[in-house]
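# Structural characterization, general
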Amino acid sequence: MTISLRQIRYFIAAADAGQVSKAAMDINVSQSVITSAIKNLEELIGTPLFERHHSGITLTYEGNLFLEHARHIVQSVEEAVHIPRRVKEDIRGSLNLAVTYTVAGYFMPKFLSRFTRAFPNLSVNLLEANREDIEEGLITGRFDIAVMLTSNLINHEALSHSLLLRSRRRLWVNSTHEFLKHKSVTLRRISEQPYVMLTVDEASNTAQRYWNKTDYKPQTIFRTSSVEAVRSMVANGTGVTILSDMVYRPWSLEGRRVEVMDVSDEVPTMDVGLVWATDSDLSESTRALIEFMHLSMGAGQPATPQ
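Note that the structure is predicted; figures quoted are calculated from it, not measured.

Looking now at a nonpolar patch on the surface. Together, Ile3, Leu44 and Ile45 make up a nonpolar patch on the protein surface, roughly 210 Å² of accessible area in all. One can find Ile45 in helix 3 (residues 31-45).

Most of strand 9 (residues 194-198) is tucked away: four of the five residues are buried. Pairing of strand 9 with strand 10 (residues 219-224) involves five bridges; the strand directions are parallel. The residue of strand 10 that forms the bridge with Met197 is Arg223. For the handedness criterion, the β-α-β arrangement of strand 9, helix 10 (residues 203-211) and strand 10 is classed as right-handed.

Bringing the pattern of salt bridges into the picture now. Tallied over the full model, the rule gives 14 salt bridges. A salt bridge links Arg71 to Asp16, with the nearest nitrogen and oxygen atoms 2.6 Å apart. In this pair, Arg71 sits in helix 4 (residues 61-82) while Asp16 sits in helix 1 (residues 5-17), placing the two residues 55 residues apart along the sequence. Using a relative accessible area of 45% as the deciding quantity, one classes Asp16 as partly exposed. For Glu192, the salt bridge goes to Arg188, with nearest N and O atoms at 3.1 Å. When its relative accessible area of 39% is taken as the criterion, Arg188 is described as partly exposed. A cluster of three or more residues bridged by salt bridges with shared partners is formed by Arg168, Arg170, Asp245 and Asp262.

Evaluated as defined, the whole model comprises eight aromatic pairs. Ring geometry for Phe11 and Phe66: centres 5.0 Å apart, planes at 70 degrees, overall edge-to-face. Note that Phe11 is positioned in helix 1 and Phe66 in helix 4, a separation of 55 residues in sequence. Phe11 sits in the buried class, given a relative accessible area of 0%. Here Tyr61 and Trp251 contribute two aromatic rings whose centre-to-centre distance is 5.9 Å and whose plane-to-plane angle is 75 degrees, an arrangement assigned as edge-to-face. With a gap of 190 residues between them, Tyr61 in helix 4 and Trp251 in the loop between strand 11 (241-244) and strand 12 (258-263) connect regions that are remote in the sequence. We classify Tyr61 as partly exposed; its relative accessible area is 45%. Feature note: the residues Phe11, Phe50 and Phe66 constitute an aromatic cluster, connected by ring pairs. Its guanidinium or amino end placed over the ring of Trp251, Arg257 lies 5.1 Å from that ring's centre, counting from NZ or CZ.

Our next topic: unusual backbone geometry. Its identity as a non-glycine residue notwithstanding, Asp201 has a phi of 55 degrees, on the positive side. By secondary structure assignment, the location of Asp201 is in the loop between strand 9 and helix 10. At Glu202, a position not held by glycine, the phi torsion is positive, near 60 degrees. Overall, Glu202 belongs to the partly exposed group, its relative accessible area being 24%.

Our next topic: the packing of helix 1 against helix 2 (residues 20-27). Closest axis-to-axis distance for the helix 1/helix 2 pair is 8 Å, and the angle between their directions is 120 degrees. Taken as axis vectors, helix 1 and helix 2 run oblique relative to one another. By crossing handedness, the relation of helix 1 to helix 2 is classed as right-handed. For the pair helix 1 and helix 2, the contacting residues are Tyr10, Ala13, Ala14 and Ala17 in the first and Lys22, Ala23, Asp26 and Ile27 in the second. Looking at the contact of helix 1 with helix 2 residue by residue, the classes come out as six nonpolar, no polar and two charged.

Okay, the sheet that holds strand 7 (residues 169-174) next. Judged by pairing direction, the sheet is mixed, and its four strands sit side by side in the order 8-12-7-11 without closing on themselves. Looking at strand neighbours, the two that pair on one side only are strand 8 (184-185) and strand 11, the edges of this open sheet. The pairing of strand 8 with strand 12 spans two bridges and is classified as parallel. Each bridged residue has a counterpart across the sheet, and for Val185 the counterpart in strand 12 is Val263. Contacts between helix 11 (residues 227-235) and the sheet are confined to strand 7, strand 11 and strand 12, with strand 7 contributing the most and set at about 50 degrees to the helix.

Right, let's get into the nonpolar core. Core analysis: the largest hydrophobic core is formed by 44 residues, its most contacted members being Phe107, Met108, Val147, Leu274 and Met293. Excluding residues within four positions of it along the chain, Leu274 makes contact with Ile145, Ala146, Val147, Thr150, Ser160, His161, Ser162, Leu164, Leu289, Ile290, Met293 and His294.

Our focus in this paragraph is the environment of Ser232. By the element assignment, Ser232 lies in helix 11. Looking at Ser232, the relative accessible area reads 11%, which means it is buried. Separated by 178 residues in the primary sequence, Ser232 and His54 place their C-alpha atoms 27 Å from one another. Contacts of Ser232, omitting those with residues within four sequence positions, involve Ser252, Leu253 and Glu254.

Cut-offs used in this document
Residues numbered from 1 in each chain as written. Predicted model: local features only at pLDDT ≥ 70, side-chain atom pairs only at ≥ 80, totals over all residues. Heavy atoms only, no water. Patch = residues over 30% accessible without salt bridge, like charges linked within 9 Å, V, L, I, M, F, W, Y side chains within 5 Å. Areas by Shrake-Rupley, 256 points an atom, 1.4 Å probe, with all protein chains shown as cover. Salt bridge = Lys/Arg side-chain N within 4 Å of Asp/Glu carboxyl O. Helix = DSSP H or I, 4+ residues; strand = E, 2+ residues; numbered from the N terminus. Buried < 20%, exposed > 50% of the residue type's maximum accessible area, 1.4 Å probe, protein only. Pairing = 2+ DSSP bridges. Right-handed = clockwise from strand over helix to strand, strands pointing away. Phe/Tyr/Trp six-rings, centres within 6.5 Å; stacked < 30°, edge-to-face > 60°. Lys NZ or Arg CZ within 6 Å of the ring centre and 35° of its normal. Axes fitted to C-alpha atoms, helices over the stretch in contact; angles between N-to-C directions. Parallel < 35°, antiparallel > 145°, perpendicular 65-115°, else oblique. Left-handed = near helix turned anticlockwise from the far one by under 90°. Contact = heavy atoms within 4.5 Å. Nonpolar A, V, L, I, M, F, W, Y, C, P; charged D, E, K, R; others polar. Core = buried A, V, L, I, M, F, W, Y, C linked by side-chain atoms within 4.5 Å.

Laid out in C-alpha cells, this is it:
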C-alpha cells in the first residue's frame with residue numbers, strides 16, 4: 001500500500017478541524033472518505049494518529065509528528081507545480097531578510113530551507129530583530145524585506161505589507177482543566193485563573209489591548225519571553241494563557257499535553273506577513289521571495305509595486 005497526496009490532505013483537514021464531520025464539510029467530501037483515509041494511513045504507519053473521544057478527535061504524539069511532515073509534503077508539491085522554472089537559475093545575488101523572534105522560531109525555517117534550494121544562486125542573509133529595529137532597517141535600506149507580525153506594524157505610511165497567515169488566538173489549558181467541559185470560555189472566566197503572560201514580540205502589549213476592552217484583567221503570575229516556558233507551565237497546571245495557533249504544540253518538553261479552547265469574546269488574530277519599504281525599488285530576489293512565500297501559503301502571486 002502506498003500513501004496518496006489525497007490521503008495526506010484528508011488527514012491534514014481532520015487534524016485542523018478536530019472533527020471528521022467538520023473536516024468533511026470543509027473540503028466537501030463524505031465523512032466515510034476521510035475516515036477511510038485516516039484508517040489506511042494508520043495501518044500503513046503502524047500506529048494511531050488520532051485519539052477518538054465524544055467531542056471529536058485529537059492528534060496523538062505520533063500524529064503530531066506526522067502532521068509536520070504531511071504539511072511539508074503538500075507545500076512542497078504545490079511549490080513544485082507553481083514556481084516557474086525559468087527563475088530558479090536566473091536569479092542571483094543576495095537578499096537581506098529580517099525576521100522577528102516568533103517568526104524565526106515557529107514559521108520561517110521550513111520555508112527558508114525550501115527557498116534556498118529553489119534558488120541556489122541566491123544568498124539569503126537572515127537577521128533577527130525586534131519590530132522597531134526592522135521597521136527602521138527597512139526604511140533605511142539595511143533590510144530588503146521582512147517576515148514579521150504585521151498585526152504589530154506601526155509605520156503604515158512608509159511600509160507596505162502583504163498577508164501570509166492569519167493565526168487565531170485560543171486559550172491554552174492543561175489536559176485535566178475544568179474548562180474542557182465547555183465548548184468555549186469567556187474572558188471573564190479566564191480572568192479568574194492564574195495566567196502566564198508571554199512577552200516576546202510585544203505579545204503582552206497585544207494581550208493588554210484586547211483585555212482593556214473588557215471589565216476584566218488577567219491574574220498574571222509570571223511573565224516570560226519563552227514560549228516553551230509558557231507551554232510547560234500550562235501543561236503542568238500552573239496557569240492558563242491565550243496564544244496563537246502558530247506557536248501551539250500539543251506536548252510540553254516534559255511530555256505533558258496542552259489543550260486549546262475557543263475564547264467566546266473577541267480576540268484578534270496574530271497576522272504574519274511580508275513587509276517592505278513602500279518607496280523601494282524591489283529587486284528581482286525580493287520579488288522572488290514574495291512570490292515564493294505566497295505560492296507556499298496557497299495564496300497565489302500577490303500584487304507588488306512595478
